[in-house]
Amino acid sequence: MQTIQKITSDIYYIGSCDTHHHLFENIYPIPNGMSYNSYLITDDKTVLMDTCDTSVREQFLENLMAALNGRTLDYVFVHHMEPDHCATLDEVLTLFPQAQVVCNAKTQTMIGQFFNRDISGRVISVKEGDTLSSGRHTFSFFMAPMVHWPEVMVSYDETDKVLFSADAFGSFGITNECLFADQRDIEKDWLPEARRYYANIVGKYGPSVQTLIKKASGLDIQMICPLHGPIWRQNLPWLLDKYQKWSTYTPEEKGVVIVYGSIYGHTKNAAEVLAQKLSQQGLSNIRLYDVSQIDLSYIIAEAFRFSHLVLASITYNNGIFPPMESVLLALKAHNLQNRKIALIQNGSWAPASGKLMSALLSDMKGIKLCNQTITITSALKPNQAEEIERLSIELLSDETSE
């Protein structure tokens, strides 16, 4: 049975949710599933806003046919050519041979890369600032390269003030229970997964997101319809503020994320002692994570959230503990900036992880390393308690001096 939802008088949600797969992009855990959003406008001309992933193909096509209600399809807007939004595009074009594809030149090239189909005779190629009318609705197009692929664009419905935002403003999680973000507790139910989605999928491309935000700031937006996650029709300034912070690598909150890599518990013990010292200074936002027990995507999200970071690693085969090395490489790959970081190293005969971690962090923008690195030789000794306390003071010195 179809799962269509009416958004406005003639805009329908026809996407669907996947709760069977455990990983998104075969890498990111999605314990709460994933939504694949698509929209249909039933104006004088019918407009399909993107297609869907193969995981929800059957439900999407059923929704599409039901929403069309016997009408033909006139336009397919392709905002983003990644297969989770376009895997069913070829099938849609076969079902509706008269439908025209509305896309930019880069997208047209990618369609040829993904499908063995020549669409040159049925493409309406658009560029920045172009418009297209479907009758009551007039759509304007804005290019959004590297948010997060080079061909990405967004479209703005000038009539109903709706931004179809591609992967921008998306989130992990399903929308089966509530399609609109305001139908649930945004801070509790959506923010953690929206942050994790942004940090891991889009986080590297902050300057490109900034460019899109500046374009969006000139539009009267009443609703945002992304390709993943809930539709936003309230609290838009709050959402834009989050994106402003994330895309400028500005911490949302003052707090410390302590990530440790430990085998026998000694490095873990040092991390816990440091957490206690920070707490005794009055800091309440402290998060402790065992790098071997939590997926990397959650650590990246927390690093985007908080202002300070502690990395505590054993020395392993004269190098960094491999899961901790993965954290460092991911932080660098996702372009994290503007954080103060403290290091703890452990090694029974040749501690080296601190120096190696420092080297990986050295060319990241706006990263301030604490002057001292705590060195543990096998296990933390009672006489190092003062050393740990001094590190906690140095780590928060920029806060306590305010």
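In every chain, residue numbers begin from 1 and rise along the written sequence. Given that this is a predicted model, residues contribute local features only at a pLDDT of at least 70 and side-chain atom pairs are listed and counted only at 80 or more, while totals for whole chains, interfaces and linings are drawn from all residues. Excluding hydrogens and water, the side-chain values take into account all heavy atoms of the structure.

1. As for the overall build of the chain
Right, on to step 1. When helices and strands are tallied, the chain shows 13 helices and 23 strands.
Right, on to step 2. Judged by the C-alpha coordinates and their principal axes, the chain covers about 80 × 40 × 35 Å.
Right, on to step 3. Counting the 402 residues in the chain, one finds 56% classified as buried.
Right, on to step 4. Intrachain contacts of the chain at a sequence separation of at least 6 include 72% that bridge at least 24 residues.
Right, on to step 5. To be clear on the numbers: accessible area is Shrake-Rupley with a 1.4 Å probe, and residue cover counts the displayed protein chains and nothing else. In the form shown here, the chain has an accessible surface area of approximately 16600 Å², with 49% of it arising from carbon and sulfur atoms.
Right, on to step 6. Computed over 33 positive and 45 negative side-chain charges, the separation of the two mean positions in the chain equals 5 Å. To qualify as a helix, a DSSP run of H or I must reach at least 4 residues; to qualify as a strand, a run of E must reach at least 2; elements of each kind are numbered from the N terminus. Think of it in three bands: residues with accessible area under 20% of the maximum for their type are buried, residues over 50% are exposed, and the middle band is partly exposed, with areas taken using a 1.4 Å probe on protein chains only. The contact definition used throughout considers only heavy atoms, calling two residues in contact when any of these lie within 4.5 Å. Positive charges come from Lys and Arg, negative ones from Asp and Glu, while His and the chain ends are left out of the count. Charge positions come from single atoms, namely NZ of Lys, CZ of Arg, CG of Asp or CD of Glu.

2. Quick notes on the pairing of strand β18 (residues 286-290)
Right, on to step 1. At least two bridges found by DSSP between two strands is the condition for calling them paired. Relative to β18, strand β17 (residues 253-261) is paired through 5 bridges, and the arrangement is parallel. From the neighbouring strand, Val 259 faces β18, where its bridge partner is Tyr 289.
Right, on to step 2. A crossover connection joins β17 to the parallel β18 through helix α8 (residues 266-280); in handedness this β-α-β unit is right-handed. With strands facing away from the observer, any crossover in which the path from the first strand over the helix to the second runs clockwise is taken as right-handed.

3. Quick look at the side chain of Glu 193
Right, on to step 1. Among the structural elements, Glu 193 can be located in helix α5 (residues 186-202).
Right, on to step 2. For Glu 193, a relative accessible area of 9% corresponds to the buried category.
Right, on to step 3. Only 2.8 Å separates the side chain of Glu 193 from the side chain of Arg 196, close enough to count as a polar contact.
Right, on to step 4. If sequence neighbours within four positions are ignored, Glu 193 has contacts with Asn 32, Ser 171, Phe 172 and Tyr 298. Whenever two N or O atoms come within 3.5 Å, that pair is a polar contact, provided that in protein one can donate a hydrogen and the other can accept it, and provided that, for residues adjacent in sequence, both atoms are side-chain atoms.

4. Observations regarding the packing of aromatic side chains
Aromatic ring pairs are reported here in terms of the distance separating the ring centres and the angle at which the planes meet.
Right, on to step 1. Any Phe, Tyr or Trp ring, taking Trp's six-membered ring, that has another such ring centre within 6.5 Å forms a pair; planes under 30 degrees apart are called stacked, those over 60 apart edge-to-face, and the others tilted. Within the structure shown, the criterion is met by 15 aromatic pairs.
Right, on to step 2. Through a chain of ring-to-ring contacts, the aromatic side chains of Phe 169, Tyr 198, Tyr 243, Trp 246, Tyr 249 and Phe 304 assemble into a single cluster.
Right, on to step 3. We call a charge positioned over a ring when the NZ of a Lys or the CZ of an Arg lies within 6 Å of the ring centre and within 35 degrees of the ring normal. Just above the ring of Tyr 298 sits the side chain of Arg 196; from NZ or CZ to the centre is 4.2 Å.

5. Quick look at the sheet that holds strand β16 (residues 223-225)
Right, on to step 1. Strand order in this open sheet of 5 strands is β12-β13-β14-β15-β16, and the pairing throughout is mixed. The open sheet is flanked by β12 (131-133) and β16, the only strands paired with a single partner. Shown here is a sheet whose adjacent strand axes are inclined to one another by a mean of 25 degrees, direction ignored.
Right, on to step 2. Bridge count between strand β13 (residues 138-143) and strand β14 (residues 153-157): 5 bridges; the pairing is antiparallel. Looking across to β14, one finds that Phe 141 is bridged to Ser 155. Think of each axis as a best-fit line through the C-alpha atoms, taken over the contacting stretch in the case of a helix, with angles from 0 to 180 degrees between the N-to-C directions.

6. Details of the state of the cysteines
Right, on to step 1. Disulfide: a pair of cysteine sulfur atoms within 2.5 Å of each other. Applying the stated rule across the entire model yields 0 disulfides.
Right, on to step 2. Here Cys 17 stays unpaired: no disulfide links it, and the sulfur of Cys 52, its closest cysteine neighbor, is 9.5 Å away.
Right, on to step 3. Here Cys 103 is not cross-linked by a disulfide; its sulfur's nearest cysteine counterpart is in Cys 86, at 9.4 Å.

7. Observations regarding helix α1 (residues 57-68)
It helps to recall that an α-helix has 3.6 residues per turn; residues three or four apart then point in one direction.
Right, on to step 1. Given the number of residues in a helix, its expected span is that number minus one, multiplied by 1.5 Å. In a regular helix each residue adds 1.5 Å, so 12 residues correspond to 16 Å; α1 covers 17 Å between its end C-alpha atoms and thus fits that length.
Right, on to step 2. Along α1, the residues that are buried comprise Phe 60, Leu 61, Asn 63, Leu 64, Ala 67 and Leu 68. Mapping the buried residues of α1 onto a view down its axis gives an arc of 160 degrees, with all of them on the same face.
Right, on to step 3. Where α1 is buried, its residues touch β7 (39-42), β8 (46-49) and α3 (89-95).
Right, on to step 4. Once α1 finishes, Asn 69 follows within two positions and takes phi at roughly 55 degrees, a positive value. Taken from the helix axis, the directions to the C-beta atoms give the arc we talk about.

8. Details of the pairing of β13
Right, on to step 1. Across the 6 residues that make up β13, a large majority, 5, are buried.
Right, on to step 2. The sheet contact formed by β12 and β13 spans 3 bridges and is antiparallel. If you follow Leu 132 over to β13, its bridge partner there is Phe 139.
Right, on to step 3. Hairpin connection between β12 and β13: a loop of 4 residues separates the two successive antiparallel strands, and Gly 135 in this loop has a positive phi of roughly 130 degrees.

9. A closer look at the side chain of Thr 51
Right, on to step 1. In this fold, Thr 51 is placed in the loop between β8 and α1.
Right, on to step 2. Judged by relative accessible area, Thr 51 falls into the buried class, the value being 1%.
Right, on to step 3. In terms of polar contacts, Thr 51 uses its side chain to reach the backbone carbonyl oxygen of His 85, at 2.8 Å.
Right, on to step 4. In this structure the side chain of Thr 51 is engaged in a polar contact, spanning 3.3 Å, whose partner is the side chain of Thr 88.
Right, on to step 5. When near neighbours in sequence (up to four residues on either side) are disregarded, Thr 51 contacts Asn 37, Ser 38, Phe 60, His 85, Cys 86, Ala 87, Thr 88, Leu 89 and Val 92.

10. Let's talk about the environment of Gly 135
Right, on to step 1. Topologically, Gly 135 is positioned in the loop between β12 and β13.
Right, on to step 2. Considering only alpha carbons, one finds Gly 135 and Pro 237, 102 residues apart in sequence, at a separation of 30 Å.

11. Thoughts on the sheet that holds strand β9 (residues 75-77)
Right, on to step 1. Strand order across the open sheet formed by 7 strands is β1-β2-β7-β8-β9-β10-β11, with mixed pairing between neighbours. In this open sheet, the two strands that pair with only one neighbour each are β1 (5-6) and β11 (123-125).
Right, on to step 2. Pairing analysis gives 4 bridges linking β7 to β8, with the strands arranged antiparallel. If you follow Leu 40 over to β8, its bridge partner there is Leu 48.
Right, on to step 3. Strands in contact with α1 are β7 and β8; relative to β7, the strand with the most contacts, it is inclined by about 10 degrees.
Right, on to step 4. Helix α4 (residues 105-114) contacts β10 (100-103) and β11 of the sheet and is inclined by roughly 125 degrees relative to β10.

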